[in-house]
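# Coordinates in review
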Amino acid sequence: MSEEKGCCCQKTKERSEKEYKDLIHRLNRIEGQIRGIKGMVEKDAYCTDILTQVAAVNAALNSFNKVLLSNHIKTCVTRDIKEGKEETVDELLQTLQKLMR
């Protein structure tokens, strides 16, 4: 559940073990893809081959965002609206605008 914390984020969220494992698995794969791209640059790989891998990373990040956003709407946003915290809708709209840049 959300609570105030003294870090870079104002809120936190307790995730189910399934959600946590899925997100971490996706991030680990993305991290591996990034390391692969770095290796390609270090080995002077052909530009088109690198660009293809970058496109794959972008697709993986977009997929990660879709899963995280879906989970956020189904849990945090829904709960906050039920609790009368209408400012959560404004926060969601700001987040969507950032994602669509």
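Residues numbered from 1 in each chain as written. Predicted model: local features only at pLDDT ≥ 70, side-chain atom pairs only at ≥ 80, totals over all residues. Heavy atoms only, no water.

## So, the overall build of the protein chain
Which entries qualify depends on this criterion: Secondary structure counts use DSSP, requiring at least four H or I residues in a row for a helix and at least two E residues in a row for a strand, with both numbered from the N terminus. Here the radius of gyration uses the C-alpha set of atoms, whereas the globule reference equals 2.2 Å times the residue count to the power 0.38.
Of the regular secondary structure elements, the protein chain holds three helices and zero strands. Mapped in sequence order, the helices and strands of the protein chain form the string α-α-α. For the protein chain, whose C-alpha radius of gyration is 17 Å, the value lies well above the compact-globule estimate of 13 Å for 101 residues. Projected onto its principal axes, the C-alpha coordinates of the protein chain cover approximately 55 × 30 × 25 Å.

## Structural notes on a nonpolar patch on the surface
Quick note on the threshold: Without a salt bridge and with relative accessible area above 30%, a residue can belong to a patch; like charges are then joined within 9 Å and nonpolar side chains (Val, Leu, Ile, Met, Phe, Trp, Tyr) within 5 Å. Areas reported as accessible are Shrake-Rupley estimates using a 1.4 Å probe. Residue values count occlusion only from the protein chains shown. A carboxyl oxygen of Asp or Glu within 4 Å of a side-chain nitrogen of Lys or Arg is what we treat as a salt bridge.
Together, Tyr20, Ile24 and Leu27 make up a nonpolar patch on the protein surface, roughly 270 Å² of accessible area in all. By the secondary structure assignment, tyrosine 20 is in helix α1 (residues 17-42).

## Description of the packing of α1 against helix α2 (residues 47-82)
Operational definition: Only the contacting stretch of a helix is used when fitting its axis, a line to C-alpha atoms as for every element, and angles between N-to-C directions run 0 to 180 degrees. Every angle not falling under 35 degrees, over 145, or within 65 to 115 is termed oblique; those three ranges are roughly parallel, roughly antiparallel and roughly perpendicular. Two helices cross in a left-handed way if the nearer one is turned anticlockwise from the farther one by less than a right angle. They cross in a right-handed way if the turn is clockwise. In the scheme used here, Gly and all other residues not listed as nonpolar or charged are polar, with Ala, Val, Leu, Ile, Met, Phe, Trp, Tyr, Cys and Pro taken as nonpolar and Asp, Glu, Lys and Arg as charged.
Between α1 and α2, whose axes approach to 10 Å, the crossing angle comes to 165°. Judged by the inter-axis angle, α1 sits roughly antiparallel to α2. The two elements α1 and α2 meet at a crossing, and its hand is left-handed. Of the residues in the contact of α1 with α2, the class split is 16 nonpolar, four polar and four charged.

## With respect to the side chain of glutamate 19
We apply this condition: For every residue, the accessible area obtained with a 1.4 Å probe (protein chains only) is divided by the maximum for its type, and the residue is called buried under 20%, exposed over 50%, and partly exposed between those limits.
Within the secondary structure layout, glutamate 19 lies in helix α1. With a relative accessible area of 12%, glutamate 19 lands in the buried category.

## Points about the pattern of salt bridges
Within the structure shown, the criterion is met by nine salt bridges. Across the pair aspartate 80 and arginine 79 runs a salt bridge whose closest N-O atoms are separated by 3.1 Å. Taking the relative accessible area as the measure of exposure, aspartate 80 reaches 5% and is therefore buried. Taking the relative accessible area as the measure of exposure, arginine 79 reaches 22% and is therefore partly exposed.

## Things to note about unusual backbone geometry
Even without glycine at this site, aspartate 44 takes up a positive phi of about 55°. Tracing the chain through its elements places aspartate 44 in the loop between α1 and α2.

## A short note on the environment of glutamine 53
Here is the rule we go by: Note on contacts: a residue pair is in contact if any heavy atoms of the two residues lie within 4.5 Å.
Turning to its location among the elements, glutamine 53 is positioned in helix α2. Sequence separation of glutamine 53 and glycine 36 is 17 residues, and the distance between their C-alpha atoms is 8.4 Å. Sequence-distant contacts of glutamine 53, defined by excluding residues within four places in its chain, comprise Ile37 and Met40.

## A word on the nonpolar core
As a reminder of what qualifies: Here, nonpolar core means buried Ala, Val, Leu, Ile, Met, Phe, Trp, Tyr and Cys residues that are tied together by side-chain atoms lying within 4.5 Å of each other.
One finds Leu23, Ile30, Ile37, Met40, Ile50, Val57, Ala60, Phe64 and Val67 forming the largest nonpolar core, which totals nine residues. Elements supplying a minimum of two residues to this core: α1 and α2. Setting aside chain neighbours within four positions, we find valine 67 in contact with Asp22, Leu23 and Arg26.

Honestly, it's all geometry; don't read function into it.
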